[in-house]
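Each chain, written out:
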Amino acid sequence: MIAVVSLTLTAMAQGAVSGAKHSVATNSFWANWFVQADVVGTSFWGSQEDRAVSFGQLLKGYRTNVGFSVALGKWFTPGIGLRTKFNGLWGRTVVSDDKSTNASRYWTLHEQVLFNLSNMLLGYNERRLWNFIPYVGGGLGHSLTYNTDALGLSFGLLNTLRISRKLAVNIDLSYGLYGAAFDGNESHGDERRLFRNRDRALSMEVGLTYRLGRSSWNKTPDMDALNALTQSELDALNAQLEDALAENDRLMQELEAKTPAPAVTPAPEPVVVTAPVSVFFAIGRDVIDSERDLQDVAALVDVAKRQNAKLVVTGYADSLTGSADHNLQLSRQRADAVVAELLKMGVAADRVEVVAAGGVDTLSPAPYNRRVTVQLK
């Protein structure tokens, strides 16, 4: 039931975290990793036990033991993550009511898919106190005592309670199913009866989660607002240019009126506009994010042609993601992508100067730094 509900809600994840209120930007691969360490209490139930087990019997000492678990995981979105989990080391093979007779040693290694329903249903909140996280997974179990192996499935509920930005308490309830020979006592019952012919483990774990490196998610930039700002800058430049051209015409008319004979009059110096136009990119990519940015660039190209001016194309990356060498290369690739568009607009290659600025943090939030600027020189 947990698996069905979780997989159904997965389809809701993208809409839940990408709405206007809770929209987040994708982080790099090295962000949002975590490690966990827990103390584990487990109750074991073997396939050889062809009888019902009550809740009270699950707590009997001859079938319970303590152990530990460690896990390494990563959140790929605020709602979906993966973790690799090791669990062991002291267990029970239930063959009698004597816990010393039942003592055994084992380990399990599982890969699990995590579904943070708190973020999926309520939207991403970095300061949320409690996160409710069902999971499902599969892996391998090995009995050290009996030298047997078995494939297994795991289901569970992970609850995390926030202590700080990096640290949380986790309470994990899990249920594992393994092949009948896992505990060294293989059942010869009806294999079609899934739960009757399996070794089982019911566990409760308490421990800590520590987040490695960057652990938060940035809101996506408001591209409409950013484009509106760019458009307003361009409108101001155009207005400035029109005023300058009108003043040039007026001066030319006055000069012609005062000169009785035709004369060669040096042309007025062109007005050079230096404010840049921005072209934005998605994280880690060199493909232009919005066609509207190219419209702004085309308008600036017209100004450059009228003023016979060169264009300076400067590429940037955000310094919060990727290495310095990677960001330098990415900023050059982004600048080259814009230069390719300029050439299509009729700008000669020798009229373009290209600069790769690498990773910067001059704008906030960080996605604003993933851009290329085009300005007159």
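As the structure is a prediction and not an experimental result, all values here were calculated from the model.

1. Observations concerning the packing of aromatic side chains
Then step 1. On inspection of all chains with the given rule, the structure shows 10 aromatic pairs.
Then step 2. Plain terms: the ring middles of Phe29 and Trp33 are 5.6 Å apart, the flat faces sit at 80 degrees to each other, and that makes the pair edge-to-face.
Then step 3. The exposure class of Phe29 is partly exposed, given its relative accessible area of 46%.
Then step 4. Within the aromatic cluster, the residues linked to one another by ring pairs are Phe44, Tyr106, Tyr178 and Phe182.
Then step 5. The cationic tip of Arg83 hangs over the ring face of Tyr135; the distance from NZ or CZ to the ring centre is 4.6 Å.
Then step 6. The positively charged end of Arg200 is found above the aromatic ring belonging to Trp45, 4.0 Å away from the centroid.

2. Some remarks on the pattern of salt bridges
Then step 1. With the rule as written, the count across this model stands at eight salt bridges.
Then step 2. Between Lys377 and Glu353 there is a salt bridge; the shortest N-O distance is 2.7 Å. You can see Lys377 sitting in the segment after β12 (371–376) and its partner Glu353 sitting in strand β11 (residues 352–360), a full 24 residues away along the chain.
Then step 3. In this structure Glu353 comes out as partly exposed when scored by relative accessible area, which is 32%.

3. Brief notes about a nonpolar patch on the surface
Then step 1. On the surface, a cluster of nonpolar side chains totalling about 460 Å² of accessible area is made up of Phe29, Trp30, Phe76 and Leu82.
Then step 2. Along the chain, Trp30 turns up in the loop between α1 (2–17) and β1 (33–45).
Then step 3. Residue class for Trp30 comes out exposed when judged on its relative accessible area of 67%.

4. Details of the pairing of strand β9 (residues 277–280)
Then step 1. The two faces of β9 match: Val277 and Val279 on one face and Ser278 and Phe280 on the other face are all buried.
Then step 2. Where β9 and β12 come together, four bridges link them in antiparallel fashion. Paired with Ser278 across the two strands is Thr373, which belongs to β12.

5. So, the nonpolar core
Then step 1. Ranked by internal contacts, the top residues of the largest apolar core, which has 24 residues, are Val297, Leu311, Val313, Val338, Leu342, Val374 and Leu376.
Then step 2. Elements with a minimum of two residues in this core: α5 (223–258), β9, α6 (291–307), β10 (311–318), α7 (324–344) and β12.
Then step 3. The residues touching Leu342, leaving out its near neighbours within four places in the chain, are Val297, Val301, Leu311, Val313, Val347 and Val352.

Calculation notes
- Residues numbered from 1 in each chain as written.
- Predicted model: local features only at pLDDT ≥ 70, side-chain atom pairs only at ≥ 80, totals over all residues.
- Heavy atoms only, no water.
- Phe/Tyr/Trp six-rings, centres within 6.5 Å; stacked < 30°, edge-to-face > 60°.
- Buried < 20%, exposed > 50% of the residue type's maximum accessible area, 1.4 Å probe, protein only.
- Lys NZ or Arg CZ within 6 Å of the ring centre and 35° of its normal.
- Salt bridge = Lys/Arg side-chain N within 4 Å of Asp/Glu carboxyl O.
- Helix = DSSP H or I, 4+ residues; strand = E, 2+ residues; numbered from the N terminus.
- Patch = residues over 30% accessible without salt bridge, like charges linked within 9 Å, V, L, I, M, F, W, Y side chains within 5 Å.
- Areas by Shrake-Rupley, 256 points an atom, 1.4 Å probe, with all protein chains shown as cover.
- Pairing = 2+ DSSP bridges.
- Core = buried A, V, L, I, M, F, W, Y, C linked by side-chain atoms within 4.5 Å.
- Contact = heavy atoms within 4.5 Å.

Read these as layout, nothing more, since geometry by itself doesn't imply function.
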